[in-house]
Each structure stands twice: as structure tokens, then as C-alpha cells.
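Residue strings, one per chain:
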Amino acid sequence: MYLQKRNRILRSNASIRSLVAETTLTPNDFIVPLFIEEGENKRTEIASMPNYFRMSIDNTIKEVKELYGLGIKSILLFVKAKDETKDNTGKEAWNKNGLMQESIKAIKQACPEMLVMTDVALDPYSIYGHDGIVKDGEILNDETVEALVKMSISHAAAGADFVAPSDMMDGRIGAIRKGLEENNYTNVGIMAYSAKYASCFYGPFRDALDSAPGFGDKKTYQMSYANRIEAIKESLIDVEEGADIVMVKPALSYLDIIREVKNAVQVPVSAYNISGEYAMIKAAAKMGWIDENKAILETLTSIKRAGADLIATYFAKDAVKLIS
Ligand code: PBG
């Protein structure tokens, strides 16, 4: 048989395959989400996230040092607020001695090179488990934005390198940028959760922080999974308002959106490989139905191939070990 083109030549052995690989993962791709709780020497496994832990500050510091030693350069912090600190204003969120603020200070002191990013949204502090202030069953936009600005400034004051607003209120990026400028935190970046969809795959995360909405759902602020153009609109507006990095979240059901946003903006794009995506791989692997390590690498590579410059993932540590 005569063939002018033999495409399999470039697939014929491992060496040529690695030479022509279009997408490769490196430790610089990853942001590691960390869950922090009160107390000392605490390490609590999250029920729906096997082998992922919520830790007290002391153990978090050990973890951060280990991550930095593996070549990972950034972490994204979430805290589990005590029930008695929760209310409808979210005021614990900007307590300068709050768990988040103490965590930022302790981590920056122990490992100054690690880029510390912080989640900015009211849900862990809300008695209603919503990302904003609630009135008559509605999530108020403008009042919530004011709270998010105070929260962001308090994170910056504690030493955060980036704030990461994950709330999907309108106008919050511009307001946060202005707040940071006015308070002289001109070196603090904003990673905006620009296209954040109302997703069933956040379930395990809400177990980790005990932050499930007490009534209704998040569909009046998070986006509908039916929409694509809206993701571009949200991302472009956030860039205009001053976002340094935009994010698409979740990742796996939204690979098309990652690509669209990547093509539309001129800032780095991150994607969040979220808790439910982690749980699905863990569960199938536990059943012996898929090979966990292969699933991790295939999944993360697909997110990068789609256009993500950065990937927030609970698999970061596994992935770095697998690729080294
Ligand atoms: C809350 C927030 C959520 C996640 C990150 N920040 C959950 C939500 O919006 O309900 C989800 C992360 C994950 O599932 O891994 N603002």
C-alpha cells in the first residue's frame, strides 16, 4: 500500500511522542486550594474528598513548605468559620484577627516566596450559606460588594498576594481594585472568578467548609450552564474593571468556555478543577473502574490544552509527583 502521509510516524514511540507533545504540565501550572480550620495540630479528612484534609494553621504551614519544596508556587486559601461568628453581614470576613487573616500572616512568615491567594466571598461567614448579604430571600448586590471590598483590604493588609473574588456580584472587581488602590495595596493582584457557573459539582467543597446554601440555590448570581457568550461578557468586563487573571469554574464540563475565554482576553486564564471533579475520579478509582494516576494526568492536560494558563486543583501534589 502506498501512502503519502503516515500520521502514525509521530506516534510510533515514547521519545517521538514526547518531542511532539503540544501540551505539557509543569509545577508552575498549579494553584493548590487549602482548607483551614481553627485549633492546633488538626488534620480532618473531608468526607466527600478522600485523602484531602482541612488543617489548622500549624499543619497548613508544614503543608505549604512541602508544596514549595515540590516546586509549587501558589496556594488558594479557604477557611471554615466557626458557627458563632456567622451572621448576615459577613463581618467576620474582615476581622483583622480572623482565621483567614491569621493564616495569611503565618504562611507569609513561614514561606514568603509562596504566592498566597485568598477566596473572597461571604458564604463561609453567612448564616444563610450565600455568597452575599440576604434580604427578603434575595442576595443584595451593592451591599455585598461593599463587604467584599472590606474583606479584600483586610486580606491585603494581612499580606495576601492576590485576592480571588468567587462571589459573582456585579461590579466587584472594579470596587475591589479601587479599594486596594485607595489603601495603597498597589501590589496586590486580583484573580477574578469571572465565569463561575451554578454547578452541582461544588457539593464536596460545601462539605469541607459547611457552607451549603440554607435556602434556594446560587442561580441568581452564578451563571447558567446553558450559556457561553455570557462567559465572554463576564470575563471582558472583569478585565476592564482591573482583573489581573480571570477564571473559568468548574473546568471539566466547561473546557469549551476555557478556550473561548482564552481567545477573548489578554490576561492569563485560570481554571478551577473543582471538588466534585476530584471526588468523581477518587470514587471511580476506589471502585477499581479507572486508573487514578492516569485520570489525573489526562484531566489536567485537557484543562491546559483547552487554554488554561493556571489550574487550581486538589490533585496538584499528585500531579507534580507524577510528572517529575
Ligand atoms: C464559594 C466558593 C465555592 C467554591 C469556591 N469558592 C462554592 C460555591 O460557590 O458554592 C467551589 C470550589 C470547589 O467546589 O472545589 N464562594
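Description of the structure in this document.

Basis of the calculations
For every chain, the first residue of its written sequence is number 1, and the numbers climb from 1 along that sequence. Since the coordinates come from a predicted model, pLDDT governs what is reported: local features require at least 70, and pairs of side-chain atoms require 80 or more to be given and counted, while whole-chain, interface and lining totals use all residues. Just so you know, side-chain values use all the structure's heavy atoms and leave hydrogens and water out. In what follows, salt bridge is the name for a side-chain nitrogen of Lys or Arg lying within 4 Å of a carboxyl oxygen of Asp or Glu. Every helix listed is a DSSP run of H or I at least four residues long, and every strand listed is a run of E at least two residues long, numbered separately from the N terminus. For the exposure calls, accessible area comes from a 1.4 Å probe over protein chains only, and a residue counts as buried if that area is under 20% of its type's maximum, exposed if over 50%, partly exposed in between.

## Looking at the pattern of salt bridges
Then, number 1: One pass over the structure, following the stated rule, counts 17 salt bridges.
Then, number 2: Between Lys 304 and Asp 29 there is a salt bridge; the shortest N-O distance is 3.1 Å. Here the residue Lys 304 occupies a position in helix H10 (residues 292-306), and Asp 29 occupies one in the loop between helix H1 (14-19) and strand E1 (30-36), the gap between them amounting to 275 residues.
Then, number 3: On the basis of relative accessible area, Asp 29 is assigned to the buried category, the value being 6%.
Then, number 4: With its nearest N and O atoms 3.6 Å apart, the salt bridge here joins Asp 123 to Lys 218. In this pair, Asp 123 is assigned in the loop between strand E5 (115-120) and strand E6 (133-135) and Lys 218 in the loop between helix H6 (203-209) and helix H7 (229-241), connecting sequence segments 95 residues apart. Of the two residues, Asp 123 and Lys 218, neither departs from the other in class, the shared state being buried.
Then, number 5: Each of Glu 63, Glu 66 and Lys 317 takes part in a single network of salt bridges with overlapping partners.

## What to know about unusual backbone geometry
Then, number 1: A cis amide bond links Lys 249 with the next residue in sequence, Pro 250, at an omega value of -10 degrees.
Then, number 2: Secondary-structure assignment places Pro 250 in the loop between strand E10 (245-249) and helix H8 (255-264).
Then, number 3: With a phi close to 65 degrees, Asn 51 is a non-glycine residue in the positive phi region.
Then, number 4: Position of Asn 51 relative to the elements: it lies in strand E3 (residues 49-55).
Then, number 5: A relative accessible area of 48% means that Asn 51 is categorised as partly exposed.
Then, number 6: The residue Asp 136 is not glycine, and still its phi comes out positive at about 50 degrees.
Then, number 7: Along the chain, Asp 136 falls in the loop between E6 and strand E7 (138-140).

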